[in-house]
Amino acid sequence: MSSSGQQLMADSPACSSTDHSPLAKKRRLELAGGGGGMEAEAGGATSSSGSNNYENHDKAAGGVDISSKCESETTSERQLELCVSSSTSDTCVVSATAKRAEKQKEKQMQGSGDDVSTSSALEIEGSKSKRPEKRNYLDTTSEPQEEASSSGSTTNSSSNNNNNSVSSSNNSNCNRHLEGSSSSSSMAGNSAAAGGDIDESLYSRQLYVLGHDAMRRMANSDILVSGLGGLGLEIAKNVILGGVKSITLHDTATCGLHDLSSQFYLTEADIGKNRAEASCAQLAELNSYVRTLSHTGPLTEEFLRQFRVVVLTNSDAEEQQRIGKFAHENGIALIIAETRGLFAKVFCDFGENFTIYDQDGTQPVSTMIASITHDAQGVVTCLDETRHGFNDGDYVTFSEVQGMQELNGCQPLKITVLGPYTFSIGDTSKFSEYKSGGVATQVKMPKTISFKPLAQATEEPEFLISDFAKLDTPATLHLAFNALTCYRKAHNGALPRPWNEEDANSFLEVCRASSSSELDEKLVLQFAKICSGNTCPLDAAVGGIVAQEVLKACSGKFTPIFQWLYFDALECLPAEGVAEADAQPVGSRYDSQIAIFGKKFQDKLADAKWFIVGAGAIGCELLKNFGMLGLGAGKGQIFVTDMDLIEKSNLNRQFLFRPHDVQKPKSMTAADAIKRMNPEVNVTAYELRVGAETEKVFSEDFFGKLDGVANALDNVDARIYMDRKCIFNRIPLVETGTLGTLGNVQVIVPFATESYSSSQDPPEKSIPICTLKNFPNAIEHTLQWARDAFEGVFKQSAENAAQYIADPQFTERIAKLPGIQPLEILDSIKKALIDDKPKSFAHCVEWARLYWEDQYVNQIKQLLFNFPPDQITSSGQPFWSGPKRCPDPLVFDVNDPMHLDFIYAGANLRAEVYGIEQVRNRETIAELVQQVKVPEFKPRSGVKIETNEAAAAASANNFDDERRRQQLAHGLIVACSNLRAANYKIPPADRHKSKLIAGKIIPAIATTTSVLSGLAVLEVMKLIVGHRDLEKFKNGFANLALPFMAFSEPLPAAKNTYYGKEWTLWDRFEVTGELSLQEFLTYFEENEKLKITMLPSAPSDCRLPMSEVVRRVSKRRLESHERSLVFEICCNDVDGEDVEVPYVRYTLP
C-alpha cells in the first residue's frame, strides 16, 4: 500500500445492534407537479455532515431537477404485482386470478384505506393503463395525510395504491409472474422514501459518504437495469445496497452454463430460466427498503418513462441508439456498460442540464482570518501563516468578522488564490473597516454540465483516462467495441471464437474499414481473441463504477464520468498467450473464463490456496470473486478468518449477510454463502483474530502451504502484522483498503516489491492539549474534550476502582508509575468508592447537575477570572483574539433540551456504573434536578492555566480510546460537546456528525468496495498465472467521486549491501540446528565475516542454547508449533565498521 493508503480502512467497527429487520417510518408519497415539491423537500433537508453545501440556492438557474422520477407504477387491467417485505430468504409463489385482481381494483376505486395488511403480507399494486404526468415527491410530515376527494381523483388513487404499506407476519418473499410483461416484485418497502426518514442504523457508514440530502434523492429514484449477466447483477447489487426507491431488472435472455462464471445468483438449476426472474428474489433480499421487480417484455417508450436512470448492459447497438435518443429527450439518465473478456466500457449521458451539487464530497475548508484589506482587491490573510487550503475559483462565506460586518453571512463570494496564506474576494472598499477576527468557510456551489446524446458522443468521444500508461488505448477500444456490432451482424450474431486467428483477422479488417486513423492492431487482435469470454473480478470492478454513476445520476452527489470510460486488464493473461485448443469450452461453469485464460490456468486456480484475512465488506467481495473464479475448487482451498459477529450496520455493504444473520459469526456465514454460490469451492472458516495469540493455528506450517494472502482488514496494526508474516514466509500479499469513495490496492510480490510496511503515513495531527482544555475553536475540539471527559469519569475511574478491589497487587503496580499519576489514581479510587458513591438515583442526578455546573459555569468563570475578556498580552494585543475565543458561562435551564440531555444521560450512566436502578422518564429527572442545591462559585487565586502546548503536555494524562457502546454514552458525549461549544460560541454538531468525529468512524460505501475488490482479485490472478515481472502488476488508486483512477508499477524492494552483496527485506540468514550463544556468534564470524556487536537482551552466559536465551529473555516457553526463531542483529565488518545486514531465521531442531 502506498504511503497515503494506510489510512484507507476496509471496514470499521460499528455499534452493536440486535434489530434484525431494518424498519423506517412509512409515509405517503405526495403528488406534486413541476419542481416545487422537490425544492421544498430539499430545502428542508439536513446536511449529514454539516457541510456548507449550497445546493438549495440554485434552483432557478436552469438546472434540471434531478430528484428522482417518482411516477406511479403502471400495470394493465389484467396485471397484478405482488410485493412483500421480508427479512428471510424464504420464497413463495402466489397465483392470483383475474377475478381477485378485479375485486382489488374495485376496492381501490371505492377509496379504501392505504394500508393493506393480509395474512400473507401481500402488497397489491394498483391497476392503471396510463402514467400520470405529475410526479411523486416525499411528504416529509410525520404522519400520513388523507388525500382530498375530487372528481379527478382516479390518478391519485392509483398512485397512492402503488405505495401501500406492507406488513408481513411470516417474513416470506412472494413472487408472481405476470401476464404480458412478466413483471414481478419482491421485498416491498423503500429505504428513506417511506417518508424522508433514513434508517441510520443500516446506512450509517454510507451516510457519511453521501449525506442525508443525497440519500433522500436516491430514495425517490426508480432505476432500470437491463441485462442480468454478471455485470448487470453487480450493478443491481450495489444500487440496491445504496438504497434507491425501486429497481427493475430487465432481461429477455435465459440462463446458460456460461453465465455461471460471474452471475453468482444463478445456479445450474436456473439454466433455461429468464435471468432477471431467476435473480430477482435474491437481489430483493439485499435491502428490504428497495422495491425489486423483474420485467421480461420489450423496453417500450411508455415503459421507460417511469425511470430516473436506465442502465443497459446487454443491448445491441440499435437498441442503445433508440433508447439513448429517447432518454436524452426526456431527461432520463442513461448509462451503457459492457465487459468483453478483459475489456470494459462505460458511457454516461445525464442530459443537457445536469446539476452537480457537490463535486468531490470533501468537507468544506475553513480558515481563521488575520486581516482583510479595505480596497478594490480585498485581500484576506490567514491567521498565523496557516494555509487556507482553498483553490482558485472556490466560493467562500464569512462569519464572526468584527468591523467589516457586511461579510458576515454574505452570499458566497468567488475567490482568487494569491498564495497559500492569502486570497482575494474582490472590492471591499465600500464595506466598513476590518477590525479583527473572522472565519472564511468554503461553500460547495452547484455546477451544471451538459452531456452529448449517445449518437453525437459516439462520433465525438470524450474519454476519461483510467490508466495514464495507456493514453492511446481508449480510442482503439472505442473503435473495437463499435466494430464488434458490425462483425456480429456479418456473422449471424456470433462473436469471434476464443483465440482463433482467422476470426481475429476478420475482426481486424472490420476495424480497418471503420477507421480512418492508425490502429493499434495488436490490441485489436487481442480484443477479438478474448471478447467472447467473461470473468467475475472485472464485472465486480466495472459494476461498482457503474453503480456509483447511477447514484450520482439520482442524487447530484459527485462528478459523473464524462462521457466514455474504457478499461483493460490484459496484464492478467499468461505471458505466452493461450492456445486455441486450450480455450475451448469443456462444459463447465468456468467456460466463459476458460475462453480468456485457457483450461490450464483454470486448473491452477482450482489448486490454489489463498488466505483471506477479514470477512467484512472487502472480505465478502473477495470471497465472492474467489468463489466465482473457481479458486480452490480442486486440490486448493480458500481460508478465511474473522473474529467479529455480524451487526445490522454491516448489511449495507457486506452483501453476503442478511438480517437474520445478525449476531452470527462473519467468517462462517460468509463461507456458507460462497458455498451456495459455487458448491465446488473448498472453504475453511476460522473465528479468530490474526496475531501472536493465534499463531498456534496460523503457524509456519499454515502459512507454508499458502500461495498467497489477501487482506481485508480494518486497522493498520493487523495489516503490519500480516505484512511481516508474508515477508517471513515469502508469500505474496494483496492489500486492499477503502475510505468512502477512495480506495487503493497494493500488491506485494516476494523478492521483487517493497512491503506494506516500507512506507507509512505521517502520524495523525493531534489537537494541542491547551486548546482542548481551555481554548477550543472548532467542534472537533469540543468533541475530543467530551470524549476525554467521558473516559475519565465513566471509564477510567470505574476500571481503576474495579481493579483495586479485584487485584491485590494493583497498588504496588501503580506505585511504579511516573510523577503524580499514582496519587491521582488513588484519589480517583477514593472518590469512586467512598466520597462520591451514590446511594440512590437522586444522588446520581445531583452529581450530574453539579458536574454540569463545574464544567460549563465554574471552570469558565475561573478562566475568565484569570484572563478577563479585556486582557491584553505583553505585545499589546488582545488576549482573546485569533484562535482564542472568549467563552461565556452558561445558565442552567431545565427547559433547555440540551441541558436536560446531559443530566438524563449522565445520571443514568452513573446509576449503571453503581448498579442503581435507572430512571428513563425525563419529567421525573427534570423534577429531581430542580431540587438540587448548587453552591455559589467563588474564583480562586493562584490557579495556573497553561496557555502553551509544551507546558500543558507536561502535566497531561493519556488514556486509550475505546468504542462507545451505549446510547447513553453517545448522548452524553454529544451533549458535553455541544454545551462546551455553546460556552465558546462554536456552532454545534448534530448527533450524526458528532458520532462521525468522536467515534472516528470510517465512511464506507458498497460501490467502492466492489471496485477495489475486483481490482485486487485481478492482481491475484496475475500472481496465480505466474507473473513475477513488476511491469505486469498494478498498484491502483481510485476516487469514485471525482471520478479518478490511477495505476502504477509497484516499487521494487530497497537494496542494501554488505561486502558487495546485495540484499533486500526478502533476504535473511538461515541458521539450522540448536547452537549455543557462543557457537552462534562464532558461526557469523567464520561464515559471514561479521562480528555480532548486539543481540537484543542476550544474557551473559554464552554457553546457553539459543532457544534457552529466548526463553529467559522473553520469559515464556517455546510452543510446540514454533518451528523457528527470528533474531535482529547488529554487526561490524572486518574493519570494525557498522554494517546493516538481514535478520536471522534460526530453525529449531
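Residues numbered from 1 in each chain as written. Predicted model: local features only at pLDDT ≥ 70, side-chain atom pairs only at ≥ 80, totals over all residues. Heavy atoms only, no water.

Draft legend 1. How the structure looks around a nonpolar patch on the surface. Side chains of Phe468, Leu471, Leu1042 and Phe1044 sit close together on the surface and give an oily, nonpolar patch of about 370 Å² of accessible area. Along the chain, the position of Leu1042 falls in the loop between strand 31 (1035-1039) and strand 32 (1044-1048). Exposure remark for Leu1042: the relative accessible area of 38% places this residue in the partly exposed category. (Patch = residues over 30% accessible without salt bridge, like charges linked within 9 Å, V, L, I, M, F, W, Y side chains within 5 Å. Areas by Shrake-Rupley, 256 points an atom, 1.4 Å probe, with all protein chains shown as cover. Salt bridge = Lys/Arg side-chain N within 4 Å of Asp/Glu carboxyl O. Helix = DSSP H or I, 4+ residues; strand = E, 2+ residues; numbered from the N terminus. Buried < 20%, exposed > 50% of the residue type's maximum accessible area, 1.4 Å probe, protein only.)

Draft legend 2. Seen up close, helix 29 (residues 967-983). Between its first and last C-alpha atoms helix 29 spans 24 Å; for 17 residues at 1.5 Å apiece the expected length is 24 Å, and the two agree. A positive backbone phi angle near 55° is found at Lys985, which sits one or two residues after helix 29. (Expected span 1.5 Å × (residues − 1).)

Draft legend 3. Inspection of the packing of aromatic side chains at higher detail. Enumeration according to the criterion identifies 52 aromatic pairs in this entry. When the centroid spacing of 5.1 Å and the interplanar angle of 85° are considered together, the rings of Phe879 and Trp880 count as edge-to-face. Trp880 shares its class with Phe879; the two are buried. An aromatic cluster is built from Phe343, Phe347, Phe463, Phe481, Tyr487, Phe507, Phe527, Trp564 and Tyr566, whose rings are joined through pairwise contacts. Above the ring of Trp785, the side-chain terminus of Arg980 is found at 4.3 Å from the ring centroid. (Phe/Tyr/Trp six-rings, centres within 6.5 Å; stacked < 30°, edge-to-face > 60°. Lys NZ or Arg CZ within 6 Å of the ring centre and 35° of its normal.)

Draft legend 4. The UniProt feature "active site" (unreviewed entry) in the protein, seen in detail. Feature annotation in UniProt assigns "active site" (unreviewed entry) to the following positions: Cys770. Within the secondary structure layout, Cys770 lies in helix 21 (residues 769-773). Accessibility expressed as a relative area gives 8% for Cys770, which makes it buried. (UniProt positions renumbered as here; feature names shortened; annotations may be inferred.)

Draft legend 5. How the structure looks around the pairing of strand 15 (residues 366-372). Where strand 15 lies against strand 21 (residues 439-443), 3 bridges are found, and the strand directions are antiparallel. What sits directly across from Thr367, in strand 21, is Ala440. In terms of strand pairing, strand 15 meets strand 16 (residues 379-382) through 3 bridges, oriented antiparallel. In the sheet register, Ile372 faces strand 16, and the bridge partner there is Val380. In this structure, the hairpin formed by strand 15 and strand 16 is closed by a connection of 6 residues, where Gly378 is found at a positive phi of approximately 60°. (Pairing = 2+ DSSP bridges.)

Draft legend 6. A look at the side chain of Ser221. By secondary structure assignment, the location of Ser221 is in the loop between helix 5 (212-218) and strand 8 (222-226). Among the residues examined, Ser221 registers a relative accessible area of 0% and is labelled buried. Among the polar contacts made by the side chain of Ser221, one reaches the main-chain carbonyl oxygen of Arg217 at a distance of 2.9 Å. (Polar contact = N/O pair within 3.5 Å; in protein donor to acceptor, adjacent residues only side chain to side chain.)

Draft legend 7. Structural detail: helix 9 (residues 317-329). With 13 residues, helix 9 extends 18 Å from end C-alpha to end C-alpha; this agrees with the ideal 18 Å at 1.5 Å per step. For helix 9, every residue scored as buried is listed here: Gln320, Ile323, Gly324, Phe326, Ala327 and His328. Check the buried side of helix 9 and you find it contacts helix 8 (301-304), strand 11 (309-312), strand 12 (333-340), strand 13 (343-349) and helix 10 (454-459). Residue Gly331 follows helix 9 closely and has a positive phi angle near 70°. (Contact = heavy atoms within 4.5 Å.)

Draft legend 8. Up close: the pattern of salt bridges. Under the definition given, this model contains 53 salt bridges. Here Asp467 ties to Lys1034 by a salt bridge, and the two come within 3.4 Å at their closest N and O atoms. Of this pair, Asp467 sits in the loop between strand 23 (463-464) and helix 11 (473-490) while Lys1034 sits in the loop between helix 31 (1006-1025) and strand 31, and the two are 567 residues apart along the sequence. Here Asp467 and Lys1034 have matching classes, each one buried. Salt-bridge contacts for Glu1062 lead to Lys1055; the nearest nitrogen and oxygen are separated by 3.7 Å. Each of Glu234, Lys237, Glu621 and Lys624 takes part in a single network of salt bridges with overlapping partners.

Draft legend 9. Spatial organisation of the packing of helix 11 against helix 12 (residues 501-514). As a packed pair, helix 11 and helix 12 sit with axes 9 Å apart at the nearest point and diverge in direction by 110°. Here helix 11 lies roughly perpendicular to helix 12, going by the angle between them. In this structure, helix 11 uses Leu479, Ala480, Ala483, Leu484, Cys486 and Tyr487 to contact helix 12, whose residues at the interface are Asp503, Ser506, Phe507, Val510, Cys511 and Ser514. Residue classes in the contact of helix 11 with helix 12 are distributed as 9 nonpolar, 2 polar and 1 charged. (Axes fitted to C-alpha atoms, helices over the stretch in contact; angles between N-to-C directions. Parallel < 35°, antiparallel > 145°, perpendicular 65-115°, else oblique. Nonpolar A, V, L, I, M, F, W, Y, C, P; charged D, E, K, R; others polar.)

Draft legend 10. Region of the structure containing the nonpolar core. In this structure, Phe507, Trp610, Leu656 and Leu1015 are the most contacted members of the largest nonpolar core, which totals 161 residues. Apart from residues lying up to four places away in sequence, Phe507 is in contact with Ala480, Ala483, Leu484, Tyr487, Val524, Phe527 and Ala528. In terms of nonpolar packing, the next biggest core, distinct from the first, is built from 50 residues, Leu863, Leu864, Leu890 and Leu979 among them. (Core = buried A, V, L, I, M, F, W, Y, C linked by side-chain atoms within 4.5 Å.)

Draft legend 11. How the structure looks around the pairing of strand 13. Taken across its 7 residues, strand 13 has 7 buried, putting it largely inside the fold. Of the two faces of strand 13, the one carrying Phe343, Lys345, Phe347 and Asp349 and the one carrying Ala344, Val346 and Cys348 are both buried. Here strand 12 runs beside strand 13; their pairing, made up of 7 bridges, is antiparallel. Looking at the pairing, Leu334 lines up with Asp349 of strand 13. Between the end of strand 12 and the start of strand 13, which pair antiparallel, lie 2 residues, with Gly341 showing a positive phi angle near 65°. Two strands pair when backbone bridges link them, and strand 13 and strand 24 (residues 564-568) are joined in this way by 5 bridges, in the antiparallel orientation.

Draft legend 12. How the structure looks around unusual backbone geometry. Omega for the peptide link from Phe562 to Gln563 comes to -20°, which places this bond in the cis form. Positionally, Gln563 belongs in the loop between helix 14 (536-555) and strand 24. In this structure, Trp499 is a non-glycine residue whose phi angle is positive, near 55°. Note that Trp499 resides in the loop between helix 11 and helix 12. Phi is positive for Arg730, which is not a glycine, with a value near 55°. Take Arg730: it is sitting in the loop between helix 20 (716-729) and strand 29 (733-739). For Arg730, a relative accessible area of 27% translates into the label partly exposed.

Draft legend 13. Fine view of the sheet that holds strand 27 (residues 683-686). Read across the open sheet, the 8 strands follow the order 27-26-25-28-29-30-31-32; overall the sheet is mixed. Every other strand in the sheet has two partners, leaving strand 27 and strand 32 as the edge strands with one partner each. Pairwise comparison of adjacent strand axes, ignoring direction, gives a mean angle of 10° for this sheet. Across 4 bridges, strand 25 (residues 609-613) lies against strand 28 (residues 708-711) in parallel orientation. Opposite Trp610, over in strand 28, you have Gly708 as the bridge partner. Sitting on the sheet, helix 18 (residues 666-677) touches strand 26 (637-641) and strand 27, and the angle it makes with strand 27 is about 165°. Running at roughly 165° to strand 29, helix 20 makes contact with strand 25, strand 28 and strand 29 of the sheet.

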